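Given next are the chains, with one letter for each unit.
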Amino acid sequence: MNQLDEVVKFALYQCRARNNPITETLASYVAQTILNKRTNKFYLEEKLNESELNELKNETLNKLSNQNAPDLKTIQLQIQYDSAYVEMELQRQEKIKKQSNETGKYIDDVVTLEIKNAKDFEGLTTLYTKMFHYLIYKNKELIEDPINFDAQAQFNMDKEVGAALESVIPRAALGPFVSLNPSEKVTQLVELANLVIGIRLFNKKIGKGGVSLSSLEDLTKYNARELSDQIKQIALETIEQCEIYTTFFINQDKFQMSNEDIEKYKDELAFLRQYLSYILSLQEDIEQSEAMIEQNRIRFIKEMEDLKKLLEHKSSAPKEQVYPKFALLAQSHIGLFEDKQISIERVELFRLLVDLRKMMKLSMPLAIQKQCKQMESTQPDNLALINYQPESGVQRLLPQNTPDFMQTQLDYFGFCIWSVVKKNGLLIPGKPSLGVFRYRDKNCVFSNEIAINEFLSEPQRYLTGVIDICRQKPHLIRLFRVEENFKNLNLKLTFESGSLLSNKLMVDKDVQTPVHFIEKNLDPNYCWNEWELRRKAIQMANIRKRQTKASQTILSNFKVDSEAQVYEMKDQSTSTGQNKGLNPLRPRNYIVGLRDKSYNQQ
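- Taking an unreviewed UniProt entry as the reference, the protein chain is identified by name as Cilia- and flagella-associated protein 206 belonging to Paramecium primaurelia.
- The Subcellular location (unreviewed entry) comment attached to the protein chain in UniProt states, word for word, "Cytoplasm, Cytoskeleton, Cilium axoneme".
- Quoted verbatim from the Sequence similarities (unreviewed entry) field of the UniProt record, the comment on the protein chain reads "Belongs to the CFAP206 family."

Structure (structure tokens):
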């Protein structure tokens, strides 16, 4: 165990002894940031002596013991929310990957099945069974509660899927499917699954089936859809609180506060800004999900109404009209089902954020907050005061000279880095109306003209100063999104499933490739049935003994067992030549006039 691990174990033990338990991730993060503040490194190159090690232990413990510190609350917010978000994404991707692999296995079973010809009854029966199993699996993916899906429901679903499959492609009509190439078979199977699901959805609507399928009301009316209004309300309240703190720091000279209180207010503002960034990100995800849900809902209703009109008073309809609508109906239902699952995950993240926000108590007095609400939080812009020189190496982007100005990505989360460096981590939003200043691929905005002029004189100083401030205040690393400058920060967020998350939100697995590669040379066309191999062997051996009665050639594979394949020479080869056994001096009689009837008449 190295010395850094020893510091983490010491902090964990002492915090538990003080009835203040913490996670190993938080202890490791705090210990590394304290070490980085001293040595500009997140790891130990040289072994510390006993006094230095004890000093590092005590400082780490003191930092972790103050659970109500705003900067520590911000770190806890970042770790818990990021880990929960990525854990949900990993679980969702793992579920999608598992379903994709299972679907691929069922499709491979159908595509790789060898059938002799379109009249092979046993082969077609096997193919039909495999297609049925594939459809059953695709329908099971749409079950919301698999635990309560009993045997009776399974039987009813199997019966519905079998009837739908028989109506789309009967067993006797599998001949054209057998003649398709593998890629065409895959396409036909996917379309077949959508058709079967669409048929079952229509049957559910008219009350004749659709077991285990969720209704449109269940997919569109649930508690998660009310989350959007709650998030908007919380976002507005958080923005108002941020404005109060920002106004306080702009008019700081009008208040008599101690430096300790001012630093505490800065950390509280950082917590609010980080909390607001998570809320806005969650709100954006929910708005996109709501847009997709509404789009799929409208399409579902439209296709269902069209199918009702086509099949309302008819027992059948042309497949060219109803099949595309069944497919679109299934696609919209699947989209609604997936969007609902994502929305439920967003509800869990929202509840986590609300719980973390309740744990953070703001210390600014209400009297000061009321005064800040009545003060001016912004100052008028004066572009004439900006002393911009193109020779400074800084590029100035304005709406007049930049077509995609509104889509410009701002670095440091849009905060004024002059305020961050000059005022020890103070978060004041920059004003894009003053221009975006690009230096070394960093797009920076500033809160006033003085900040811009000082940045233009020494741009590198402020870019370096932001990293130094993040080293002193590690809770700003994730907020500013500057993790690339702290690549050696060995931050690992441990999940319940055992997976790890690095500081770049990437999964860190212990083993990504097998140690010993095992080559598998499997022939998909090889027949593993011993009796089938024997039957083919007997058939091939019987070819040599089989006789045919058709005309034979020299290169024919089916030769008879006789020694000669041509007739023997006749005794008399021609009617005019000398015949064997006849007297050449004997006069011969010739028959003439057979080819010309007129000659015979003469």
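**Some details on the overall build of the protein chain**
No. 1: The helix and strand inventory of the protein chain stands at 19 helices and five strands.
No. 2: Put simply, 71% of the contacts in the protein chain that link residues at least 6 apart link residues at least 24 apart.

**Points about the nonpolar core**
No. 1: Of all hydrophobic cores here, the largest spans 92 residues; its most connected members are Leu 64, Phe 249, Ile 417, Leu 427, Phe 446, Phe 455 and Phe 480.
No. 2: Looking at this core element by element, the count peaks at 12 residues for helix α11 (residues 259-311).
No. 3: Among the nonpolar cores identified, the runner-up in size contains 46 residues, and Leu 127, Tyr 128, Leu 201 and Leu 311 belong to it.

**Points about the packing of aromatic side chains**
No. 1: In this structure the tally under the stated criterion is 16 aromatic pairs.
No. 2: Measuring from centroid to centroid gives 5.2 Å for Phe 248 and Phe 249, while their planes differ by 75 degrees, and the two rings are edge-to-face.
No. 3: Relative to Phe 255, the ring of Phe 248 lies with its centre 5.1 Å away and its plane at 40 degrees, an arrangement referred to as tilted. By the burial criterion, Phe 248 is buried, and Phe 255 matches it.
No. 4: Here a set of aromatic residues connected by ring pairs shows up, and it is made of Tyr 245, Phe 248, Phe 249, Phe 255 and Tyr 265.
No. 5: A cation sits over an aromatic face here: Arg 461 above Tyr 462, 5.2 Å from the ring centre.
No. 6: Across the ring face of Trp 531, the terminal group of Arg 534 is positioned such that the distance to the ring centre comes to 4.8 Å.

**Focus: the packing of helix α1 (residues 3-17) against helix α3 (residues 50-65)**
No. 1: One can describe the packing of α1 onto α3 by two numbers: an axis separation of 9 Å at closest approach and a directional angle of 40 degrees. One finds that α1 runs oblique with respect to α3. Once α1 is placed against α3, the crossing between them reads as right-handed. Along the contact surface, α1 presents Gln 3, Glu 6, Val 7, Phe 10, Ala 11, Gln 14 and Cys 15, while α3 presents Leu 53, Leu 56, Lys 57, Thr 60, Leu 61 and Leu 64.

**So, the environment of Pro 170**
No. 1: Secondary-structure assignment places Pro 170 in the loop between α6 (151-168) and α7 (175-178).
No. 2: With near-sequence residues (within four places) excluded, Pro 170 lies in contact with Tyr 128 and Leu 165.

**A word on the pattern of salt bridges**
No. 1: If you walk through the whole model with that rule in mind, you get 22 salt bridges.
No. 2: Residue Glu 263 is joined to Lys 266 by a salt bridge in which the shortest nitrogen-to-oxygen separation is 3.4 Å. With Glu 263 and Lys 266 both in helix α11 and three residues apart, this pair spans about one turn of that helix.
No. 3: Given a relative accessible area of 9%, Lys 266 falls into the buried group.
No. 4: Here Arg 471 and Asp 468 are joined by a salt bridge, their closest N and O atoms 3.2 Å apart. Remark: Asp 468 and Arg 471 occur in helix α16 (residues 459-472); sequence separation between them is three residues, near one turn of the helix.
No. 5: Classification of Arg 471 as buried rests on a relative accessible area of 16%.
No. 6: When salt bridges that share partners are traced, they join Glu 89, Arg 92, Asp 285 and Arg 346 into one network.

Rules behind the numbers
- Once a new chain begins, its residue numbering starts again from 1 and follows that chain's sequence as written.
- For a predicted model such as this one, the threshold for reporting local features is a pLDDT of at least 70, and the threshold for listing and counting side-chain atom pairs is 80 or more; totals across whole chains, interfaces and linings nevertheless cover every residue.
- The side-chain values count all of the structure's non-hydrogen atoms but skip hydrogen atoms and water molecules.
- UniProt positions are given in the numbering used here, feature names are shortened, and annotations may be inferred rather than shown by experiment.
- Each helix is a run of DSSP H or I of at least 4 residues and each strand a run of E of at least 2, with the numbering of both proceeding from the N terminus.
- Contact between two residues is taken to exist if any of their heavy atoms lie within 4.5 Å; hydrogens are not considered.
- As used in this record, nonpolar core signifies buried Ala, Val, Leu, Ile, Met, Phe, Trp, Tyr and Cys residues forming a set joined through side-chain atoms within 4.5 Å.
- Relative accessible area decides the class of each residue, using a 1.4 Å probe on protein chains only: under 20% of the type maximum gives buried, over 50% gives exposed, and in between gives partly exposed.
- Working definition: a ring pair exists when centres of Phe, Tyr or Trp rings (six-membered ring for Trp) sit within 6.5 Å. Plane angles under 30 degrees give stacked, over 60 give edge-to-face, the rest tilted.
- Note on criteria: charge over ring means Lys NZ or Arg CZ within 6 Å of the ring centre, with the direction from the centre no more than 35 degrees off the ring normal.
- Here the axes come from fitting lines to C-alpha atoms, over the contacting stretch only for helices, and the angles between their N-to-C directions go from 0 to 180 degrees.
- Comment on the angle field: the value is read as roughly parallel under 35 degrees, roughly antiparallel over 145, roughly perpendicular from 65 to 115, and oblique elsewhere.
- Each crossing gets its hand from how the near helix is turned against the far one by less than a right angle, where anticlockwise is left-handed and clockwise is right-handed.
- We count a salt bridge whenever a side-chain nitrogen from Lys or Arg sits within 4 Å of a carboxyl oxygen from Asp or Glu.

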